[in-house]
Amino acid sequence: MGDKKSIFLPQWDYITTGEFDCATLFALPIYMLTGNVRIAFGVANVINIALWAVVIWKLLDRVGARKETRLLAMVAIFTLYDFGMLAYTNMMFIFGGQYVYKALLPILFVYVLLGKKEKKASVLEKALLLIYFVLLFINSISSGIYVFLSGIIPVVICEIMYRLRKGTDDALKYRTVMIIATVAVAFIGNVICLIVGIRPNTGNMTYTTEYLEHFIAVFNDLIKLYNPFAYKGGRTVSPAGIAICCRWAIVFISFIGMIKIPRAFGISWNKSEKSKEIDDADRFEVMLISIFTWNFLLLFVTNSTARYHLIGAIPLMLVSMTVLEKWSDKYNQFVKNGVYALVAVFILVVNVVSFTKSLPEYFARYKDFYEFDMDYCGDLIEVLDEYEANNLFVLNGSQLCELMKVMDKDHIYEVYNTDLNTIVNYDYYITERDRSAFSDKNIFAIHEKDIDKMPTFIHENYVAIGKVDTYSLYYSDSNAFDGISLIANGFETIDLAITPGYVTEGIVDEKGYLHCDSSGIKLTSAIIKAPCSFEYELKYEAEDNHNTLEVYCNGELVSTNQLEAGSTNCVLSFDKKGKYKFVVTKESEGNLVIKEMVFRG
């Protein structure tokens, strides 16, 4: 994004989101200023932690929580529960922070709705209101309806139920305006999301008749968020054993807010509650427990994994802290202080052991992802330049490709997956999987642990040229790879006979050309979606005129063309959008060589 100076990247392969409603939001301008991606994300994470601290403090202050409760809630949320790539700490406050705003937005929405229209807002309150709508807009573009569906709707339902119970109040107009503005901003963001083609992954429905087992599985995912199973096989009276006990204590404390579930969505179960005046503290608890309950139910009927519970788990933690405060208020100051001190000790133990034990163990386990020698990155670039090769293929090694793409913008780095027998490329430009991005001269890098997986074609067509670090390097001056069949507006793309989805009959040489010497259907292309008008060029060599190219659009034959001997190509133009298929048929015994299929969008 920084290199292209745009958050919208043409022909980017979006997997789940647009990737800019996370730590990238602040990291991007910092990266553009410093050119250092590590500094950029480090500073961005500090900014996000500060933002969370302010929101938690202001929200709990708005409902009258004591300072001790506010501080306890902050440290509970900032605790280092787990360092996994898709786990709590990584998803929230370090590295990419993919959920840092997804989990914050519903809480900010509650804060906004608890504002008073007759009270003059402070500069900070106005800033938080602006931040809420800006983040909601950005999130809706990047992640679509996900946060609105998971965290905003339950709060709106609460407000509707309160209206049905109590009718109007002093802040009715203010909250109505805020809800309408929220829906409008989310709607506009979602429309833009569709226009730019991000297509967020919102998951599928779950079909099961084992309701109890499925409920337990979803509940276990919620527990896994706190990673109470961090250390296995240790003695109870040991640092690890004590840390596990403290983790389970935090799980219990974080879950005591579940006693408020009967009040979810503002539903009244007894007459005394129906006549009770609704204050900010009441709205706070009901709205936040509704977010948890709603999100849990959504995950019960869709797909559940630990990180998906973040949107509901953090509101539950905030409710639990206020429940803890109300319970401790029944006792004298000594008991109050003792309860808060005990919870603080639990949190301190978890953080100390996580930082001194869990973090080093995590980095040791994923050393290949996080530790690298900058010198060997430079060595790889030197080898590519020496052999005038534009691209490096890595056998099954996505981490090296991801690193080199950050380090070097002048060469193409792709993964060759031996399970799929093709080029793969996740969270990057789709067009860089295409043959048009590859040079004929290329190098394969194979890690020492993958040597036994080396494909036969490398033995036959590549020459060993040495090693860099733990990678053996192999060179060839011909390139028969293509990872995708693609028609893209404004791009020239190339298909070969070996392109995924193609069906061929004949012999494919080291360049990916198809040699045919018998009659019959020799090549049937993949079904290729054309989003725009395009030009198609088939490059070939033919000994006679008894060869035809047929073109189908949406299943209908739209063009039949003879491939004449003496010509080297057949060029066709198509204005109609649709799904295209190209079929080459040979009607004689003369030789036919099908070279490349070129698409110009």
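Re the overall build of the chain
Okay, so step 1: Assigned secondary structure in the chain consists of 18 helices and 18 strands.
Okay, so step 2: Once the C-alpha set of the chain is aligned to its principal axes, its extents read approximately 100 × 55 × 50 Å.
Okay, so step 3: Within the chain, counting contacts between residues at least 6 apart in sequence, those at least 24 apart form 71% of the total.
Okay, so step 4: Accessible surface, the chain: about 28100 Å² in total, of which carbon and sulfur atoms supply 59%.

What about the confidence of the model for the chain?
Okay, so step 1: Confidence in the prediction of the chain, expressed as mean pLDDT, is 87, and 94% of residues score 70 or more.
Okay, so step 2: Confidence, expressed as mean pLDDT per element, reaches its minimum in the chain at helix α11 (residues 271-274) with 57 and its maximum at helix α5 (residues 104-113) with 96.

Comments concerning the packing of aromatic side chains
Here the distance between the centres and the angle between the planes together describe a pair of aromatic rings.
Okay, so step 1: Going through the model one piece at a time under the given rule, you end up with 34 aromatic pairs.
Okay, so step 2: Pairing Y81 with Y226 gives two aromatic rings, centres 5.2 Å apart and planes at 85°, and the pair type is edge-to-face. Here Y226 lies in the loop between α9 (211-224) and α10 (239-255) and Y81 lies in the loop between α3 (67-77) and α4 (88-92), a separation of 145 residues in the sequence. The exposure classification of Y81 matches that of Y226, with both residues buried.
Okay, so step 3: Members of the aromatic cluster, each reached through a chain of ring pairs, are Y81, Y88, F215, F219, Y226, F255, F292, F296 and F300.
Okay, so step 4: Here the basic side chain of R70 rests over the ring of W57, its NZ or CZ set 4.5 Å away from the ring centre.
Okay, so step 5: Above the face of the Y552 ring, K581 is positioned so that its terminal group lies 5.3 Å from the ring centre.

Some points on the side chain of T293
Okay, so step 1: On the secondary structure map, T293 appears in helix α12 (residues 280-301).
Okay, so step 2: Overall, T293 belongs to the buried group, its relative accessible area being 12%.
Okay, so step 3: Here the side chain of T293 touches I289 through a polar contact of 2.8 Å, landing on its backbone oxygen.
Okay, so step 4: Those residues within four positions of T293 in sequence are excluded, and the remaining contacts are I261, A264 and F265.

Topic: the environment of L538
Okay, so step 1: Note that L538 resides in strand β13 (residues 534-542).
Okay, so step 2: Placed 291 residues apart in sequence, L538 and R247 show a C-alpha to C-alpha distance of 64 Å.
Okay, so step 3: Leave out the neighbours within four places in its chain, and L538 touches L549, L563, T568, N569, C570, V584, I594, E596 and M597.

A short note on the sheet that holds strand β2 (residues 412-417)
Okay, so step 1: Strand order in this open sheet of six strands is β3-β2-β1-β4-β6-β5, and the pairing throughout is mixed. What marks the edges here is a single partner per strand, and that holds for β3 (422-424) and β5 (463-468). For this sheet, the mean angle separating the axes of adjacent strands, direction not counted, is 35°.
Okay, so step 2: Two elements, β5 and strand β6 (residues 471-476), share five bridges in a ladder whose sense is antiparallel. Across the sheet, K467 pairs through a bridge with S472, a residue of β6.
Okay, so step 3: Helix α17 (residues 398-407) rests against β1 (391-395), β2 and β6 of the sheet, and its axis sits at about 170° to β2.

Looking at helix α13 (residues 310-328)
Okay, so step 1: Its 19 residues give α13 an end-to-end C-alpha distance of 27 Å, which sits within 8% of 27 Å, the value for a rise of 1.5 Å per residue.
Okay, so step 2: Across the 19 residues that make up α13, a large majority, 17, are buried.

Description of the packing of helix α6 (residues 123-143) against helix α8 (residues 172-196)
The packing of two helices is summarised by the inter-axis angle and the distance between the axes.
Okay, so step 1: Axis separation between α6 and α8 bottoms out at 6 Å; the angle between their running directions is 30°. With respect to α8, the axis of α6 lies roughly parallel. Where α6 crosses over α8, the two elements pack in a sense that is right-handed. Judged by residue contacts, L129, Y132, F133, L136, F137, S140 and I141 of α6 engage M178, A181, T182, V185, A186, I188, G189, N190, I192 and C193 from α8.

Remarks on unusual backbone geometry
Okay, so step 1: In this structure, E19 is a non-glycine residue whose phi angle is positive, near 65°.
Okay, so step 2: You can see E19 is positioned in the segment before α1 (24-34).
Okay, so step 3: E19 sits in the buried class, given a relative accessible area of 18%.
Okay, so step 4: Phi at F265 takes a positive value of approximately 70°, unusual for a residue other than glycine.
Okay, so step 5: With respect to the secondary-structure elements, F265 resides in the loop between α10 and α11.

Some points on a negative patch on the surface
Okay, so step 1: On the surface, a cluster of negative charge is contributed by D375, D379, E382, D385, E386, D410, E448 and D469.
Okay, so step 2: Of note, D410 is situated in the loop between α17 and β2.

Some words on a nonpolar patch on the surface
Okay, so step 1: Where nonpolar side chains cluster on the molecular surface, the patch consists of F8, F137, F187, I188, V191, I195 and V196 and spans about 610 Å² of accessible area.
Okay, so step 2: The greatest single-element share of the nonpolar patch, amounting to five residues, is contributed by α8.
Okay, so step 3: Its place among the elements puts F187 in helix α8.
Okay, so step 4: Residue classification places F187 among the exposed positions, given a relative accessible area of 56%.

Things to note about the pairing of β2
Okay, so step 1: For β2, a buried count of six out of six residues is recorded, marking the element as mostly surrounded by other parts of the structure.
Okay, so step 2: Note: β1 against β2, five bridges, orientation parallel. By the bridge assignment, L395 is partnered in β2 with Y416.
Okay, so step 3: With α17 bridging β1 and the parallel β2, this β-α-β connection has right-handed handedness.
Okay, so step 4: The pairing of β2 with β3 spans three bridges and is classified as antiparallel. Within β3, the residue paired with Y416 across the bridge is I423.
Okay, so step 5: Joining the antiparallel neighbours β2 and β3 is a turn of four residues, in which N421 adopts a positive phi near 55°.

Describing the pattern of salt bridges
Okay, so step 1: Per the counting criterion, the structure on display carries 25 salt bridges.
Okay, so step 2: Ionic pairing is found between R70 and D61, a salt bridge with its closest N-O pair at 3.5 Å.
Okay, so step 3: A salt bridge links K522 to E505; its shortest N-O distance comes to 2.9 Å. One end of the pair, K522, is in strand β11 (residues 520-524); the other, E505, is in the loop between β8 (503-504) and β9 (507-508), and 17 residues separate them in sequence.
Okay, so step 4: The class of K522 is buried, set by a relative accessible area of 2%.
Okay, so step 5: Owing to a relative accessible area of 41%, E505 belongs among the partly exposed residues under this scheme.

Looking at the environment of T69
Okay, so step 1: Within the secondary structure layout, T69 lies in helix α3.
Okay, so step 2: Taking the C-alpha atoms as reference, T69 lies 27 Å from S358; in sequence the two are 289 residues apart.
Okay, so step 3: Each residue touching T69, except ones within four places of it in the same chain, is listed here: L60, M321, T322, E325 and Y340.
Okay, so step 4: A distance of 2.4 Å separates polar atoms of two side chains, one belonging to T69 and the other to E325.

Reading the values: the criteria
- Residues numbered from 1 in each chain as written.
- Predicted model: local features only at pLDDT ≥ 70, side-chain atom pairs only at ≥ 80, totals over all residues.
- Heavy atoms only, no water.
- Helix = DSSP H or I, 4+ residues; strand = E, 2+ residues; numbered from the N terminus.
- Contact = heavy atoms within 4.5 Å.
- Areas by Shrake-Rupley, 256 points an atom, 1.4 Å probe, with all protein chains shown as cover.
- pLDDT = per-residue confidence, 0-100.
- Phe/Tyr/Trp six-rings, centres within 6.5 Å; stacked < 30°, edge-to-face > 60°.
- Buried < 20%, exposed > 50% of the residue type's maximum accessible area, 1.4 Å probe, protein only.
- Lys NZ or Arg CZ within 6 Å of the ring centre and 35° of its normal.
- Polar contact = N/O pair within 3.5 Å; in protein donor to acceptor, adjacent residues only side chain to side chain.
- Pairing = 2+ DSSP bridges.
- Axes fitted to C-alpha atoms, helices over the stretch in contact; angles between N-to-C directions.
- Expected span 1.5 Å × (residues − 1).
- Parallel < 35°, antiparallel > 145°, perpendicular 65-115°, else oblique.
- Left-handed = near helix turned anticlockwise from the far one by under 90°.
- Patch = residues over 30% accessible without salt bridge, like charges linked within 9 Å, V, L, I, M, F, W, Y side chains within 5 Å.
- Salt bridge = Lys/Arg side-chain N within 4 Å of Asp/Glu carboxyl O.
- Lys, Arg positive; Asp, Glu negative; His and termini not counted.
- Charge placed at Lys NZ, Arg CZ, Asp CG, Glu CD.
- Right-handed = clockwise from strand over helix to strand, strands pointing away.

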